[in-house]
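What follows is each chain in one-letter form.
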Amino acid sequence: MKILVFLEGQENHLKRASKEAITAALSLAPAENVTGILLHGTSEQAQAAGAFGLANVLVAQGDMLKDYSVTAATSVIEQAVQQTGADLVLFSATAHGKELAPRVAVRLQAGFAPDCMAIELDGNQLVATRPVYAGKASQKIKITTPKQVASLRPNIFTAKKAASAANVNVQEFTPNITAADVKTKVTNVAVNEGKLDVSEADIIVSGGRGLKAPENYHLVESLAKALGGAVGASRAVVDAGWRPHTEQVGQTGKTVSPKLYVACGISGAVQHLAGMSSSKIIVAINKDKEAPIFKLADYGLVGDVLEILPKLTSKINEVHGKPNHN
Amino acid sequence: MNILVCVSQVPDTASKIAVDASGKKINPAGVKFIVNPYDEYALEEGLRQKAASGGTVTALTVGGDTAKEALRTALAMGVDKAILVKDDVREDSFSVAENIAAVAKEINPDLIILGRQSIDFDSFQVASMVGEILGLPSISMVSKLAINGTNVTADRDIEGGKETVETTLPCVISAQKGLNEPRYPKLPDIMKAKSKPIEERPSASSTTRVEVLGMELPQSKRAGKVLGDSDGDIAELVRLLHEEAKVV
Ligand SMILES: Cc1cc2nc3c(=O)[nH]c(=O)nc-3n(C[C@H](O)[C@H](O)[C@H](O)COP(=O)(O)OP(=O)(O)OC[C@H]3O[C@@H](n4cnc5c(N)ncnc54)[C@H](O)[C@@H]3O)c2cc1C
Ligand SMILES: Nc1ncnc2c1ncn2[C@@H]1O[C@H](COP(=O)(O)O)[C@@H](O)[C@H]1O
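All values derive from a computational prediction rather than experimental measurement.

Participant: In this structure, what is going on with the overall build of chain A? I would like to understand it.
Facilitator: Each helix and strand counted, chain A has 9 helices and 18 strands in total. Computed over C-alpha atoms, the radius of gyration of chain A comes to 21 Å, within 12% of the 20 Å expected from 2.2 N^0.38 for 326 residues, which places it in the range of a compact globule. For chain A, the spread of C-alpha atoms along the three principal axes comes to 60 × 40 × 40 Å. In chain A, buried positions account for 60% of the 326 residues. Long-range pairs, those at least 24 residues apart, make up 64% of the contacts in chain A with a sequence separation of at least 6. Approximately 12,500 Å² of chain A is accessible, and the part contributed by carbon and sulfur atoms is 49%.

Participant: Just checking my understanding: could you explain the packing of aromatic side chains for this structure?
Facilitator: Remark: the centre distance and the inter-plane angle together describe each pair of aromatic rings, the angle taken between the planes. Evaluated as defined, the whole model comprises 3 aromatic pairs over all chains. Look at A:Tyr133 and B:Phe121: their rings are 5.7 Å apart centre to centre, the planes differ by 55 degrees, and that puts the pair in the tilted class. With A:Tyr133 in the loop between β9 (125-132) and β10 (137-143) and B:Phe121 in the loop between β6 (111-115) and α4 (126-134), this residue pair bridges two chains. Here the aromatic rings of B:Tyr38 and B:Tyr41 are separated by 6.4 Å at their centres, their planes lie at 45 degrees, and the arrangement is tilted. Taken together, the residues B:Tyr38 and B:Tyr41, both in helix α1 (residues 37-53) and 3 residues apart, mark about one turn of the helix. Note on accessibility: B:Tyr38 and B:Tyr41 belong to one class, buried. In this structure, B:Arg209 packs its charged tip against the face of B:Phe94, placed 3.9 Å from the ring centre.

Participant: So what exactly am I meant to see when it comes to the sheet that holds strand β14 (residues 203-207) of chain A here?
Facilitator: Remark on secondary structure: sheet strands pair via backbone hydrogen bonds, oriented parallel or antiparallel. The 6 strands are arranged β15(A)-β14(A)-β16(A)-β17(A)-β18(A)-β13(B) in an open sheet whose pairing can be described as parallel. Two strands close off the open sheet at either side, each with one partner strand: β15 (230-233) of chain A together with β13 (225-227) of chain B. Here the strands of the sheet are splayed against their neighbours by 20 degrees on average, with no regard to which way each runs. Bridge count between β14(A) and β15(A): 4 bridges; the pairing is parallel. Opposite A:Ile204, over in β15(A), you have A:Ala230 as the bridge partner. Each of β16 (260-264), β17 (281-286) and β18 (299-302) of chain A touches helix α9 (residues 305-321) of chain A; the most contacted strand, β17(A), lies at about 130 degrees to it.

Participant: Teacher, can you tell me more about the interface of chain A and chain B here?
Facilitator: Buried accessible area, meaning the area lost when the parts come together, often serves as the stated size of an interface. Opposite the 88 residues of chain A that make contact, chain B presents 75 residues. Both sides of the chain A and chain B interface together cover about 6,900 Å² of buried area, and 57% of this is carbon and sulfur. The residue A:Lys15 makes a salt bridge to B:Glu159 at a minimum N-O spacing of 3.4 Å. One can count 41 residue pairs in polar contact (both at pLDDT 80 or more) joining chain A with chain B. The element that contributes the greatest number of residues to the side of chain A that touches chain B is helix α4 (residues 95-107) of chain A, accounting for 9 residues. Taken together, the residues of the side of chain A that touches chain B sort by class into 38 nonpolar, 28 polar and 22 charged.

Criteria and thresholds
Positions within a chain are numbered from 1, following the residues in the order the chain's sequence is written. Written order determines the labels here, with chains lettered from A and ligands numbered from 1. Confidence filtering applies because this is a predicted model: local features only for residues at pLDDT of at least 70, side-chain atom pairs given and counted only at 80 or more, and all residues used for totals across whole chains, interfaces and linings. With hydrogens and water excluded, all non-hydrogen atoms of the structure serve as input to the side-chain values. Every helix listed is a DSSP run of H or I at least four residues long, and every strand listed is a run of E at least two residues long, numbered separately from the N terminus. Only C-alpha atoms enter the radius of gyration, while the globule expectation follows 2.2 Å times N to the 0.38, with N the number of residues. Exposure categories follow from relative accessible area, calculated using a 1.4 Å probe and restricted to protein chains: below 20% of the type maximum is buried, above 50% is exposed, and the middle band is partly exposed. For this analysis, residues touch if any pair of their heavy atoms sits within 4.5 Å. In short, Shrake-Rupley with a 1.4 Å probe defines the accessible areas, and a residue's cover is counted only from the protein chains shown. Two rings from Phe, Tyr or Trp (for Trp, the six-membered ring) form a pair when their centres are within 6.5 Å of each other. A pair whose planes differ by under 30 degrees is stacked, one over 60 is edge-to-face, and the rest are tilted. Only when the NZ atom of a Lys or the CZ atom of an Arg is both within 6 Å of the ring centre and within 35 degrees of the ring normal do we say a charge sits over the ring. A pair of strands is treated as paired once DSSP finds two or more bridges between them. For helices, the axis comes from a line fit to the C-alpha atoms of the stretch in contact; other axes are also lines fit to C-alpha atoms, and the angle between any two N-to-C directions lies between 0 and 180 degrees. Two parts placed together each lose some accessible area; with a 1.4 Å probe, that loss summed over both constitutes the buried area. One speaks of a salt bridge when a side-chain nitrogen belonging to Lys or Arg is within 4 Å of a carboxyl oxygen belonging to Asp or Glu. N or O atoms closer than or at 3.5 Å make up a polar contact, with two conditions inside protein: a donor-capable atom paired with an acceptor-capable one, and, for residues adjacent in sequence, both atoms drawn from side chains. When residues are sorted by character, Ala, Val, Leu, Ile, Met, Phe, Trp, Tyr, Cys and Pro go into the nonpolar class, Asp, Glu, Lys and Arg into the charged class, and all the rest, Gly among them, into the polar class.

Set out below in structure tokens:
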């Protein structure tokens with residue numbers, strides 16, 4: 001089985017989700033059969049892939065690739081598949097990966113397994129486990145075509161650094177891209193400055209209606225800051241205008257799988273759970289001990305979130321103040 | 001403008017689900033079915049674009065007879081025409097995309113609008129697939145859309161921000177929350193929609209590229225440690241997070 005991994009760069013690094021995809025690919029095939037592809041990437045990014053054990057990276061270059069285009073990216077990957085003979089193309093289910101992977105699947109006449117939580121091979125066919133019905137069930141599917149495409153849910157696979165960084169064979173790759181391939185074009189990217197996005201955070205502290213008023217939200221922000229995490233929100237407080245939609249976690253918001261998710265004054269409606277149930281550790285703070293969120297929580301505090309949060313934040317700061325803490 | 005809106009019918013997220021005897025899909029008995037929430041944004045956008053530039057809005061569903069309910073809702077919201085492509089299986093999203101593309105080839109829409117994802121299989125793939133099959137541009141997860149003549153400008157959410165994407169009609173977009181506020185159909189319109197025609201046609205696709213092996217409900221209920229709100233409880237929580245869970 002030969003695998004092509006779509007890599008997304010971030011300044012001079014790779015997105016964490018791409019590192020996870022490398023580890024996942026290397027769990028299916030030996031390094032000599034796995035190639036990464038970077039669109040308009042840098043050699044630093046290619047080297048970063050080496051640190052995670054990737055030995056071959058194609059860096060696609062060309063004027064047509066300066067501004068990201070999902071349709072041009074489809075053609076680049078098609079040509080990279082031809083060049084490498086890849087049977088499987090792996091993506092991360094990021095904003096770009098989710099949009100691009102199904103196009104590539106159609107182009108390659110490949111079966112597609114989206115948003116996978118686990119992957120394995122049955123002979124040469126990919127078998128994937130993926131969440132369905134808002135995470136209330138999981139489905140096992142097998143791709144039946146020779147060419148195969150899958151996307152991996154971010155923060156589920158753990159990226160593993162290689163024992164010794166691979167000597168990366170970086171190859172410049174100049175695909176044949178014409179104006180007809182560039183059907184869409186990203187003309188502007190607006191980054192939420194200085195704010196860690198919930199979809200990329202290891203730790204998330206989210207607030208809900210139990211906070212009572214927007215003035216109290218600083219309690220959530222303080223805890224998030226103490227933990228080095230991002231701030232999230234339930235839909236109830238987003239709809240009420242307390243918080244921006246970019247912070248909403250859940251079915252109509254973002255899907256997150258952080259190491260730690262702290263739900264403050266959130267009831268745990270199924271639509272909220274849909275966005276965070278794959279978090280590794282869940283802490284719930286709620287005054288109602290029957291609140292559904294406690295069914296999913298690893299740890300819980302029953303009480304008034306307005307009283308608990310300042311105490312919890314100062315306790316965390318105390319722990320972090322310890323000199324021997326890593 | 002000639003607009004095609006794709007609508008899928010899904011179980012209400014609030015409903016309990018159970019796996020049927022095949023072990024591969026849910027048992028529909030007792031499940032309440034609704035219009036996929038993202039498709040309400042898609043329908044609303046279609047109706048607003050029509051209000052701005054004239055034309056027709058056609059709603060399309062691929063599914064069994066029961067999926068007609070979703071089309072009735074679309075008619076009640078104000079679409080001009082409803083088409084049901086009969087396909088009871090629709091296990092594979094690619095065949096849904098092929099069916100949508102087949103209808104699109106016939107009615108030649110300037111704009112095809114879908115939802116970001118259907119909340120049953122959450123697969124987030126049909127919009128891009130329809131675009132690719134038809135050789136059209138597609139922009140997914142659109143939270144803001146402006147159409148000027150044939151120029152299309154859309155904002156989509158990305159990790160940590162937003163990107164602006166430009167393309168031209170004809171194109172495919174998928175709707176994200178925030179694109180608009182979907183209208184509630186009014187009672188008289190709901191009544192009128194009951195007698196409006198729904199055009200039925202057979203499935204034009206039998207392609208399957210993915211096989212479902214099984215479906216399971218997660219069984220691992222977490223045995224959480226629930227404490228009170230005393231200073232001691234808070235200190236204990238921090239200790240557990242630090243020493244047991246090792247996340248702090
Ligand atoms: C189609 C659809 C999509 C949706 N998508 C989403 C989504 O993406 N994300 C999402 O979050 N929701 C979503 N929802 C909404 C969801 O159903 C809930 O309404 C919402 O999650 C509730 O938010 P909440 O928990 O903040 O508020 P509530 O349900 O009102 O819960 C507030 C909680 O705070 C507790 N509380 C109150 N006061 C205190 C106090 N002083 N101290 C401690 N605890 C206190 C209460 O016990 C209660 O449990 C969706 C709904 C629909 C129909
Ligand atoms: N059976 C279907 N019939 C019509 N449209 C569908 C169907 N399934 C999915 N769609 C459309 O495709 C979008 C994305 O669905 P999915 O890729 O399955 O998550 C939905 O929001 C619908 O607009």
